[in-house]
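Results of the structural survey
One letter stands for each residue in the lines below.
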Amino acid sequence: MTFTIAIDGPAGAGKGTLARRLADHYRLNLLDTGLTYRAVAHALIQHALPLDNVSAAETAARQVDLAKLDRAVLSAHAVGEAASKVAVYPTVRRILVEKQRDFAKTPPGAVLDGRDIGTVVCPDADIKLYVTASAEVRAQRRLAEIESIGGSANFSEILADIVRRDERDMGRADSPLKPATDAHLLDTSEMAIEAAFLAAKAIIDDALAKRDKV
Ligand code: DC
């Protein structure tokens, strides 16, 4: 038997950190599915191929190895933007979703975070969380992150970027970002990560207790 926690939400809402905390706590495998779309985008960029070359994107998607996703390389902002563009292609999604489902099925189960986990990848997940925060708060967090490593950036440019990415991820025809009907909503606008973790843990422990009673 496996246990699956699906976490969806827009870029910068804190779902990655939350997913890591939950995977550690419940001793589950962890997959940041955004990295799979980033790996496809990165492969195209490396070969100087346009992001709308769908057959090259499909080939890159087939070559994605979940065990070899290099966060350091893939976390670049430009790669995230490009990932959001290749993620609109249904054939690319289908290839990656199959790999993500196989990962979820591996015992003891997993925490997966992304945009379509509760709606498409794992519609039968034991727990679904939709983690969100206002665009302004997400932009502020990103600015603080950039400044903490000695960089500088412009708040309104970051905000415009976030709004554009939300529109693309929520507006695409195939598997748009939206909460599953049975997802628990977690708005982290006014919440530190520890509080978000405790709120998620309360939801999960409650579901586990009910399940044990059945
Ligand atoms: O979470 P992230 O910033 O690493 O994701 C990068 C892009 O990948 C995101 O803007 C849209 C796409 N993505 C997706 O379409 N479906 C997922 N499950 C995860 C990410």
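Above this text you will find the structure in question.
Below, the structure is looked at part by part. The structure displayed is predicted, hence computed values, not measured ones. For every chain, the first residue of the written sequence is number 1, and numbering continues from 1 onward in sequence order. Whole-chain, interface and lining totals are the exception, using all residues; otherwise, since this is a predicted model, local features are given only for residues with pLDDT of at least 70 and side-chain atom pairs are given and counted only at 80 or more. Side-chain numbers here rest on the full set of heavy atoms in the structure, without hydrogens or water.

One speaks of a salt bridge when a side-chain nitrogen belonging to Lys or Arg is within 4 Å of a carboxyl oxygen belonging to Asp or Glu. The tally for this structure, following the rule as stated, stands at 14 salt bridges. For D65, the salt bridge is made with K68, and the minimal N-O distance between the two is 3.8 Å. Relative accessibility under 20% of the residue-type maximum defines a buried residue, over 50% an exposed one, and the middle range a partly exposed one, all with a 1.4 Å probe and only protein chains included. What makes D65 partly exposed here is its relative accessible area of 35%. Here R165 makes a salt bridge to E81, at a shortest N to O gap of 3.5 Å. Of the two residues, R165 is situated in helix α9 (residues 155–171) and E81 in helix α5 (residues 77–86); the sequence distance between them amounts to 84 residues. Comparing R165 with E81 shows no difference in burial state: the two are buried. What emerges from the salt-bridge pattern is a single network uniting E81, R165 and R168. Numbering goes from the N terminus for both helices and strands, where a helix is a DSSP run of H or I of at least four residues and a strand is a run of E of at least two.

Turning to the site of the ligand, a few remarks are in order. Note on definitions. A residue lies near a molecule or strand when any single heavy atom of the residue is within 4 Å of it. In the neighbourhood of the ligand, 15 residues make up the surrounding shell, with R38, R93, D116, D169 and R172 lying closest. Here a polar contact is taken to be a pair of N or O atoms separated by no more than 3.5 Å, where protein atoms must pair a possible hydrogen donor with a possible acceptor and residues adjacent in sequence count only if both atoms sit in side chains. A distance of 2.8 Å separates a nitrogen atom of the ligand from a polar atom in the side chain of D116. Taking D169, its side chain carries an N or O atom lying 2.8 Å from an oxygen atom of the ligand. Residue assignment for the shell around the ligand shows that the elements contributing at least two residues are α2 (34–46), α5 and α9. If one sorts the elements of the shell around the ligand by residue count, α2 sits on top with 3 residues. Residue composition of the shell around the ligand, by class: 3 nonpolar, 4 polar and 8 charged. Residues are grouped as follows: Ala, Val, Leu, Ile, Met, Phe, Trp, Tyr, Cys and Pro are nonpolar; Asp, Glu, Lys and Arg are charged; every other residue, Gly included, is polar.

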